[in-house]
Amino acid sequence: MKKIYHLSTCDTCQRILKELDPPKDFKLQDIKNEGITSDQLESMAKLSGSYESLFSKRARLYKERNLKEQKLSEADYKALILEHYTFLKRPVIVIENDIFVGNSKAVVAAAKARINS
């Protein structure tokens, strides 16, 4: 599978997509318009090692709900990501059995190298 979960309204996601210039065999899923399914999230978590690794602690709702003060479990992270798309760290790039999560320079560079390999 070659898939990129992104947010079309996110300037950072758009910049990264432009930089990666994924081939046509990649499926792009705008998580705001086409929500993440439980199965999709489970397969991402298997590749990344945890739901927490997919969770964005920079999301506005994370601060608004004061989630930093709570001890969140893996089940909590999963439920929150499924509840609202902004809790997914973006973009998430899945290439076969490799996953690249987030927008750090190192992650984007690794994803780009994998796409072009």
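Here is what the cut-offs are and how they apply
- Residues numbered from 1 in each chain as written.
- Predicted model: local features only at pLDDT ≥ 70, side-chain atom pairs only at ≥ 80, totals over all residues.
- Heavy atoms only, no water.
- Axes fitted to C-alpha atoms, helices over the stretch in contact; angles between N-to-C directions.
- Helix = DSSP H or I, 4+ residues; strand = E, 2+ residues; numbered from the N terminus.
- Left-handed = near helix turned anticlockwise from the far one by under 90°.
- Contact = heavy atoms within 4.5 Å.
- Nonpolar A, V, L, I, M, F, W, Y, C, P; charged D, E, K, R; others polar.
- Patch = residues over 30% accessible without salt bridge, like charges linked within 9 Å, V, L, I, M, F, W, Y side chains within 5 Å.
- Areas by Shrake-Rupley, 256 points an atom, 1.4 Å probe, with all protein chains shown as cover.
- Salt bridge = Lys/Arg side-chain N within 4 Å of Asp/Glu carboxyl O.
- Lys, Arg positive; Asp, Glu negative; His and termini not counted.
- Charge placed at Lys NZ, Arg CZ, Asp CG, Glu CD.
- Pairing = 2+ DSSP bridges.
- Buried < 20%, exposed > 50% of the residue type's maximum accessible area, 1.4 Å probe, protein only.

> Please clarify how the packing of helix 1 (residues 11-20) against helix 5 (residues 105-115) should be interpreted in this entry.
Think of two packed helices as two axes; the pair is described by the angle between the axes and how far apart they sit. Remark: helix 1 packs on helix 5, axes separated minimally by 10 Å, with the N-to-C direction vectors making an angle of 35°. As for the relative orientation of helix 1 and helix 5, their crossing is right-handed in sense. Judged by residue contacts, Ile16, Glu19 and Leu20 of helix 1 engage Val108, Ala111, Lys112 and Ile115 from helix 5. Across the contact of helix 1 with helix 5, the residue classes break down as 5 nonpolar, no polar and 2 charged.

> Looking at this model, I keep getting lost on a positive patch on the surface. Mind explaining?
A cluster of basic residues, Arg58, Lys63, Lys68 and Lys89, forms a positive patch on the protein surface. Relative to the helices and strands, Arg58 is located in the loop between helix 2 (38-48) and helix 3 (60-64).

> Mind showing me how you'd approach the pattern of salt bridges here?
Side chains that differ in charge, positive against negative, can pair when their charged atoms come close. One pass over the full model with this rule turns up 8 salt bridges. Two residues, Lys2 and Asp25, come together in a salt bridge whose shortest N-O distance is 2.9 Å. With a gap of 23 residues between them, Lys2 in strand 1 (residues 2-6) and Asp25 in the loop between helix 1 and strand 2 (27-30) connect regions that are remote in the sequence. Where Arg114 meets Asp98, a salt bridge forms, and the shortest distance between an N and an O atom there is 2.6 Å. With Arg114 in helix 5 and Asp98 in strand 4 (residues 98-101), this residue pair connects regions lying 16 residues apart in the sequence.

> How should the sheet that holds strand 2 be read in this particular structure?
Whether parallel or antiparallel, the strands of a sheet pair through hydrogen bonds between backbone atoms. Taken together, the 4 strands give an open sheet; going across it, the order is 2-1-3-4, and neighbouring strands pair in mixed fashion. This sheet does not close on itself; its edge strands, each paired only once, are strand 2 and strand 4. Strand-to-strand, the axes of this sheet are offset by a mean angle of 15°, without reference to chain direction. The sheet contacts of helix 1 involve strand 1, strand 2 and strand 3 (92-95), and relative to strand 1 the element is tilted by about 155°. Against the sheet, helix 2 touches strand 1, strand 2, strand 3 and strand 4, its axis set at about 95° to strand 4.

> Explain the environment of Leu88 here, please?
Residue position: Leu88 is located in the loop between helix 4 (74-83) and strand 3. For Leu88, a relative accessible area of 0% corresponds to the buried category. A C-alpha to C-alpha distance of 17 Å links Leu88 and Asp98, two positions 10 residues apart in sequence. What Leu88 contacts, discounting residues up to four positions off in sequence, is Tyr5, Ile31, Ile36, Leu54, Ser56 and Ile81.

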